[in-house]
Amino acid sequence: MRIGIIGIGVVGREVINILEEQGQKIEKLFSEKVEVVKICNRSPKEGLDSYEMTHDYKVLLEDNSIDTIIELVGGIEIPYDIAKKTLEAGKNFITANKYLLAIHGKELFVLATENNSKLFYEAAVGGGIPVLSPLKEGLFPNEITRVRGILNGTSNYILTEMDGGATFSEALEGATIKGYAEADPTFDIEGIDTAHKISLLSYLAFGKFIDFNEIEIEGITKLTIEDIKNAKEQEAKYKLIGEAKLEGDKISLSVKPTLISSSELLYGVDGVYNAVEIDGTYTGKTILYGEGAGGSATASAVISDLYKVIASKNWN
Ligand code: HSE
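Residues numbered from 1 in each chain as written. Predicted model: local features only at pLDDT ≥ 70, side-chain atom pairs only at ≥ 80, totals over all residues. Heavy atoms only, no water.

Participant: Honestly, the pairing of strand 11 (residues 273-280) in this entry has me stumped. Any pointers?
Facilitator: Strand residues, when the strand is regular, have side chains that alternate between the two faces of the sheet. Most of strand 11 sits out of view: seven of its eight residues are buried. Sheet topology note: the strand 7 (residues 144-150)/strand 11 ladder contains six bridges and is antiparallel. Within strand 11, the residue paired with Val-147 across the bridge is Ile-278. Bridge count for strand 11 against strand 12 (residues 284-291) is eight bridges, and the pairing is antiparallel. Within strand 12, the position partnered with Ile-278 by the bridge is Thr-286. Counted along the chain from strand 11 to the antiparallel partner strand 12, the turn is three residues long. (Buried < 20%, exposed > 50% of the residue type's maximum accessible area, 1.4 Å probe, protein only. Helix = DSSP H or I, 4+ residues; strand = E, 2+ residues; numbered from the N terminus. Pairing = 2+ DSSP bridges.)

Set out below in structure tokens:
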């Protein structure tokens, strides 16, 4: 496997660390050599002298020896260009970019199929929690009736910190320092990032994309310390919940702060942790829980997609 990595931020750096630390194990498991051929970043980065670096992503896309591109750029315009060109070139595309896929996923999945390329995005939802594979594979005999969860590490961290006495801005600063927040944290606190993620979960659960503009979205910015205190008195907590449900043949998606009582499992999901509840006809409720943001957890999910590339090759 010959890899090109585009974007060395919090997650990209950890992807390289894991590949370096686990290289031998990964190669043994994959039964093939795994090499990072080129790395692209807008500005030079320290500690990567042993790699071929460029600031022009087209250099990686035009390198015929690279078979797999890992895109960790963030934003949407450049990643969209990278995704299209990668798939059109017949390369595999791995991304953590929920924004890109919530808006352009429909087109990109078709493009991947047409070009016999693989498109994997486990890191796009729930950080380090492997949630897309269980939904697509492990639970496939079920009809899914609802998926809901805490899907944004930053806003959950903020709510937890506010519960402990911090102000909103102190808590947001903490989430930014820890590498949880988006480059534009409005996406986190206004529920947009959660909406991107619930739209992808809904696609996997129900098999079709809902127009992003149809999602009812409310973030956590209107919640006050008073609201949080009042919730505590009722033995409850506000959590930013993304929900996708199927009623008859109608799929509806929403993101909103929701009062969760202490009797529910989601009540104990604090800090950067995320959890996803999946209601299936045979399994009942399945809950997946883990770190929803941050470099190492998200990088773990990115690397797991390399395994999917290998596994899918062996199935062909
Ligand atoms: N900003 C995102 C979050 C990163 O806080 O959940 C992980 O998708």
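Participant: Would you mind going over the site of the ligand with me for this structure?
Facilitator: Every residue near the ligand is listed here: Lys-98, Asn-152, Gly-153, Thr-154, Tyr-180, Ala-181, Glu-182, Asp-188, Asp-193, Lys-197, Gly-292 and Ala-293. A distance of 2.8 Å separates an oxygen atom of the ligand from a polar atom in the backbone of Gly-153. A distance of 2.6 Å separates a nitrogen atom of the ligand from a polar side-chain atom of Glu-182. Protein chains shield 94% of the accessible area of the ligand, which is 260 Å² for the free molecule. For the ligand, the cavity whose grid points lie within 2 Å of the majority of its atoms is the largest pocket. Residues belonging to the shell around the ligand are distributed by class as follows: three nonpolar, four polar and five charged. (Near = heavy atom within 4 Å. Polar contact = N/O pair within 3.5 Å; in protein donor to acceptor, adjacent residues only side chain to side chain. Areas by Shrake-Rupley, 256 points an atom, 1.4 Å probe, with all protein chains shown as cover. 1 Å grid on protein atoms, 1.4 Å probe; cavity = no way out; pocket = protein on both sides within 12 Å on 5 of 7 lines; lining within 4 Å. Sits in = over half its atoms within 2 Å of the grid points. Nonpolar A, V, L, I, M, F, W, Y, C, P; charged D, E, K, R; others polar.)

Participant: Please explain helix 9 (residues 192-206) as it appears in this structure.
Facilitator: Along an α-helix, a turn takes 3.6 residues, which lines up residues three or four apart on a common side. End to end, helix 9 covers 21 Å across 15 residues, agreeing with the expected 21 Å (1.5 Å per residue, within 8%). Of all the 15 residues making up helix 9, 13 are buried; the element is thus mostly covered by neighbouring parts of the structure. Just downstream of helix 9 lies Gly-207, where phi reads positive at about 80°. (Expected span 1.5 Å × (residues − 1).)

Participant: Any chance you could explain the packing of aromatic side chains here in plain terms?
Facilitator: Aromatic rings in a pair are described by how distant their centres are and how their planes are angled relative to each other. Counted according to the given criterion, the structure contains eight aromatic pairs. Both rings, one in Phe-30 and one in Tyr-307, keep their centres 6.0 Å apart while their planes meet at 50°; by these two values the pair is tilted. In this pair, Phe-30 sits in helix 1 (residues 10-30) while Tyr-307 sits in helix 11 (residues 295-315), placing the two residues 277 residues apart along the sequence. Ring geometry for Phe-109 versus Phe-209: centroids 6.2 Å apart, planes at 15°, classification stacked. Of this pair, Phe-109 sits in helix 4 (residues 98-114) while Phe-209 is found in the loop between helix 9 and strand 8 (216-217), placing the two residues 100 residues apart along the sequence. There is no split in this pair, since Phe-109 and Phe-209 are both buried. Counting every residue linked through ring pairs, the aromatic cluster contains Phe-109, Tyr-121, Tyr-203 and Phe-209. Here the guanidinium or amino end of Lys-58 rests over the ring plane of Tyr-57, the centre of that ring lying 4.9 Å away. The lysine or arginine in question, Lys-237, covers the ring of Tyr-267, its NZ or CZ lying 4.2 Å from the ring centre. (Phe/Tyr/Trp six-rings, centres within 6.5 Å; stacked < 30°, edge-to-face > 60°. Lys NZ or Arg CZ within 6 Å of the ring centre and 35° of its normal.)

Participant: I keep staring at the sheet that holds strand 6 (residues 119-120) and nothing clicks. Help me out?
Facilitator: Sheets are built from strands that pair by backbone hydrogen bonding, the pairs being arranged parallel or antiparallel. Taken together, the six strands give an open sheet; going across it, the order is 3-2-1-4-5-6, and neighbouring strands pair in parallel fashion. Each edge of the open sheet is held by one strand with a lone partner, namely strand 3 (52-54) and strand 6. Packed onto the sheet, helix 1 meets strand 1 (2-6), strand 2 (35-40) and strand 4 (68-71) and runs at close to 155° relative to strand 1. (Contact = heavy atoms within 4.5 Å. Axes fitted to C-alpha atoms, helices over the stretch in contact; angles between N-to-C directions.)

Participant: Help me understand unusual backbone geometry, please; the structure alone is not making it clear to me.
Facilitator: Trans peptide bonds make up most of the peptide bonds, and negative phi angles are found at most residues other than glycine. At Ser-31, a position not held by glycine, the phi torsion is positive, near 55°. The residue Ser-31 is located in the loop between helix 1 and strand 2 in this model. Given the relative accessible area of 65%, Ser-31 is considered exposed. Positive phi values are uncommon outside glycine, yet Asn-116 reaches one of about 55°. Inspection of the secondary structure puts Asn-116 in the loop between helix 4 and strand 6. A relative accessible area of 62% places Asn-116 in the exposed class.

Participant: I would appreciate a short explanation of helix 7 (residues 168-177) in the present structure.
Facilitator: Those residues of helix 7 that fall on the buried side of the exposure criterion are Ala-171, Leu-172, Gly-174 and Ala-175. Projection of helix 7 onto a plane perpendicular to its axis shows the buried side chains occupying an angular sector of 155°, all on one side. Opposite its buried face, helix 7 presents the exposed residues Ser-169 and Ile-177, each directed more than 90 degrees away. Contact partners of the buried residues in helix 7: helix 6 (153-163) and helix 8 (186-189). Gly-179 lies just past helix 7 and shows a positive phi near 85°. (Arc of directions from axis to C-beta.)

Participant: What exactly am I supposed to notice about the layout of surface pockets here?
Facilitator: Volume-wise, the largest pocket comes out at about 1,200 Å³. Along the walls of the largest pocket sit 49 residues, with Leu-72, Val-73, Gly-74, Gly-75 and Ala-183 positioned nearest its centre. Contributing elements (two or more residues each) for the lining of the largest pocket: helix 1, helix 3 (77-88), helix 4, helix 6, helix 8 and helix 9. When grouped by side-chain class, the residues that make up the lining of the largest pocket number 21 nonpolar, 19 polar and nine charged. Its boundaries defined by the atoms lining it, the second largest pocket holds a volume of some 580 Å³. Listing elements by their share of the lining of the second largest pocket, those giving two or more residues are helix 4, strand 6, helix 5 (132-138), helix 9 and helix 11. It is helix 11 that contributes the most residues to the lining of the second largest pocket, five residues altogether. (Points joined across faces, edges and corners; volume = space filled by probe spheres on them.)

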